[in-house]
Amino acid sequence: MRTLAKVDEQGREIRHQTTQMSQPVAHSKRRQVRDDHHQKVHERSMDLIHHELHFNFIKIHLVSHFSDHIGQFCNIPMYSSSLESSHRRNKSRTDGDDRIKSDAVRQIVHSYSPQHAIRMRLLNLKSLQRRRADLSVDALQHLESTTSGVTGPVVHRRILKGRWDDVSNVLDFSKVSGVSLESICP
Amino acid sequence: MLHTVYHGLFKHMMDGNRAFLKKHRRLQVLDDLWKPLRPYPRFLVPKKADHEIAQWQGKEMRNVGRCNLGVCAVALRQPLSPPVICCKQGLGYVRALVDLGIMAQYRSHMSDTIAYMEHCWDQFHRMKAILLEFSSNYAYTGQG
């Protein structure tokens, strides 16, 4: 039985007991008796609520493992929905629907997070090496072998273009507008 | 992450919040506050009020996470019926969960960020008593 239903039932029982035990009360005292009754019901229901209700469900326990998970796997990616959609895609493919060509699992494996984590780890080791920290021989050998592999992220810059077709860079702009190049780029 | 934080805890938080505000007669204020929310980069304006959504998507939950604390703070700005301490505890509960959800999405962590997350989790446990009476959805008796 749900707890709130229990609370209602308890309130009904108390009301029933009070009506049975009630004796003729003076009009001036009725309000005080009613307030006492409400207070009693409230206290009992809160006792029952605090006794029976809890936050003891599975998902709340998973959060307490987040820090351990981060220690082991660097971050908490949102993979669950992607895997679910990949499962649906595979299912639809087996059903004869070949319209979706992208492989979601491959995308997940090649996602940003593990690459970023490995890159950050290597950069940290390199900075430690530069400060002459005491690193293990394996780490030093690995760093030497992968020095060329540590590259920064590829930056895709948008090329700014002018409104005129014949203006593609600052030099053209200087020629067209008649403003000297020295004043544009001092 | 999606199913634990958003579909698990945030859904729980939303239900508890609504019940809390309903008890203190602030639910209408909350519903009115959802409507005039303006769009912002990475924030989509919800088309429906939160109680009108039957099935939450991850994107909608993320949106709620971005605006829920502000909306609740405004709804409890001038407490009349609820005592101030209740409002503070309720807001502390929401804030702890929102902060935890945001920090859990970081792509890389330091010991400081993990410490922040643990602090939020402790804060959540300290404040959760205020919404205990509204957590009946998950509460069963000992017999199961």
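Keep in mind that what you see is a predicted model, and the values were worked out from it rather than measured. (Residues numbered from 1 in each chain as written. Chains lettered and ligands numbered in written order. Predicted model: local features only at pLDDT ≥ 70, side-chain atom pairs only at ≥ 80, totals over all residues. Heavy atoms only, no water.)

A. Geometry of the overall build of chain A. Assigned secondary structure in chain A consists of 10 helices and zero strands. The linear arrangement of helices and strands in chain A, starting from the amino end, is α-α-α-α-α-α-α-α-α-α. Within chain A, buried positions represent 20% of all 186 residues. Nonlocal contacts in chain A, meaning residues at least 24 apart in sequence, comprise 38% of its contacts between residues at least 6 apart. (Helix = DSSP H or I, 4+ residues; strand = E, 2+ residues; numbered from the N terminus. Buried < 20%, exposed > 50% of the residue type's maximum accessible area, 1.4 Å probe, protein only. Contact = heavy atoms within 4.5 Å.)

B. Here's a closer look at the environment of A:R44. All names here are of chain A. Structurally, the position occupied by R44 is in helix α2 (residues 27–52). Separated by 30 residues in the primary sequence, R44 and I14 place their C-alpha atoms 9.6 Å from one another. Those residues in contact with R44 that lie beyond four places of it in its chain are Q10 and I14.

C. Here's a closer look at empty space enclosed by the protein. Residues and elements named next belong to chain B. If you walk through the whole model with that rule in mind, you get two cavities of 30 Å³ or more. The calculated volume of the second largest cavity comes to roughly 40 Å³. In terms of lining residues, the second largest cavity is bounded by N17, F20, L21, C72, L76, G90, L91 and V94. Only α1 (2–23) and α4 (84–104) provide two or more residues apiece to the lining of the second largest cavity. (1 Å grid on protein atoms, 1.4 Å probe; cavity = no way out; pocket = protein on both sides within 12 Å on 5 of 7 lines; lining within 4 Å. Points joined across faces, edges and corners; volume = space filled by probe spheres on them.)

D. Quick look at the nonpolar core. Core analysis: the largest hydrophobic core is formed by 47 residues, its most contacted members being B:F10, B:F20, B:Y93, B:M117 and B:F124. Residue assignment for this core shows that the elements contributing at least two residues are α3 (58–63) and α4 (66–73) of chain A together with α1, α2 (27–34), α3 (58–75), α4 and α5 (111–127) of chain B. Element by element, the count of residues in this core is highest for α4(B), at 10 residues. Residue contacts for B:F124: discarding those within four places in its chain leaves A:F55, A:I60, B:Y93, B:A96 and B:L97. (Core = buried A, V, L, I, M, F, W, Y, C linked by side-chain atoms within 4.5 Å.)

E. Region of interest: the side chain of B:T113. Residues and elements named next belong to chain B. The residue T113 is located in helix α5 in this model. You can call T113 buried: its relative accessible area is 9%. Engagement of the side chain of T113 in a polar contact is seen with the backbone oxygen of M110, the distance being 2.8 Å. Apart from the residues within four sequence positions on either side, T113 is in contact with M103 and Y106. (Polar contact = N/O pair within 3.5 Å; in protein donor to acceptor, adjacent residues only side chain to side chain.)

F. Up close: the pattern of salt bridges. Residue and element names in this part refer to chain B. Evaluated as defined, the whole model comprises two salt bridges over all chains. Here D31 makes a salt bridge to R18, at a shortest N to O gap of 3.4 Å. In this pair, D31 sits in helix α2 while R18 sits in helix α1, placing the two residues 13 residues apart along the sequence. For the salt bridge of D99 with R95, the shortest nitrogen-to-oxygen distance reads 3.6 Å. Placement of the pair is D99 and R95 together in helix α4, with a separation of four residues, close to one helical turn. Overall, D99 belongs to the partly exposed group, its relative accessible area being 23%. (Salt bridge = Lys/Arg side-chain N within 4 Å of Asp/Glu carboxyl O.)

G. The arrangement of α2(B) in detail. Along α2(B), the residues classified as buried are B:L27, B:L30, B:D31 and B:W34. The arc enclosing the buried residues of α2(B), seen along the axis, measures out at 95°, which places them on a common side. (Arc of directions from axis to C-beta.)

H. Molecular detail of a nonpolar patch on the surface. Residue and element names in this part refer to chain A. A cluster of nonpolar side chains, namely V170, L171 and L181, defines an oily patch on the protein surface of about 220 Å² accessible area. Mapped onto the elements, L181 comes out in helix α10 (residues 181–184). Exposure remark for L181: the relative accessible area of 33% places this residue in the partly exposed category. (Patch = residues over 30% accessible without salt bridge, like charges linked within 9 Å, V, L, I, M, F, W, Y side chains within 5 Å. Areas by Shrake-Rupley, 256 points an atom, 1.4 Å probe, with all protein chains shown as cover.)

I. Structural view of the packing of aromatic side chains. All names here are of chain B. Under the definition given, this model contains two aromatic pairs over all chains. With centroids separated by 5.3 Å and ring planes inclined at 35°, the aromatic side chains of Y93 and F124 adopt a geometry described as tilted. One end of the pair, Y93, is in helix α4; the other, F124, is in helix α5, with 31 residues separating them in the sequence. An angle of 5° between the planes, with centres 4.9 Å apart, marks the rings of W121 and F124 as stacked. Of this pair, W121 and F124 both sit in helix α5, three residues apart, which is roughly one turn of the helix. One aromatic cluster in this structure is built from Y93, W121 and F124. (Phe/Tyr/Trp six-rings, centres within 6.5 Å; stacked < 30°, edge-to-face > 60°.)

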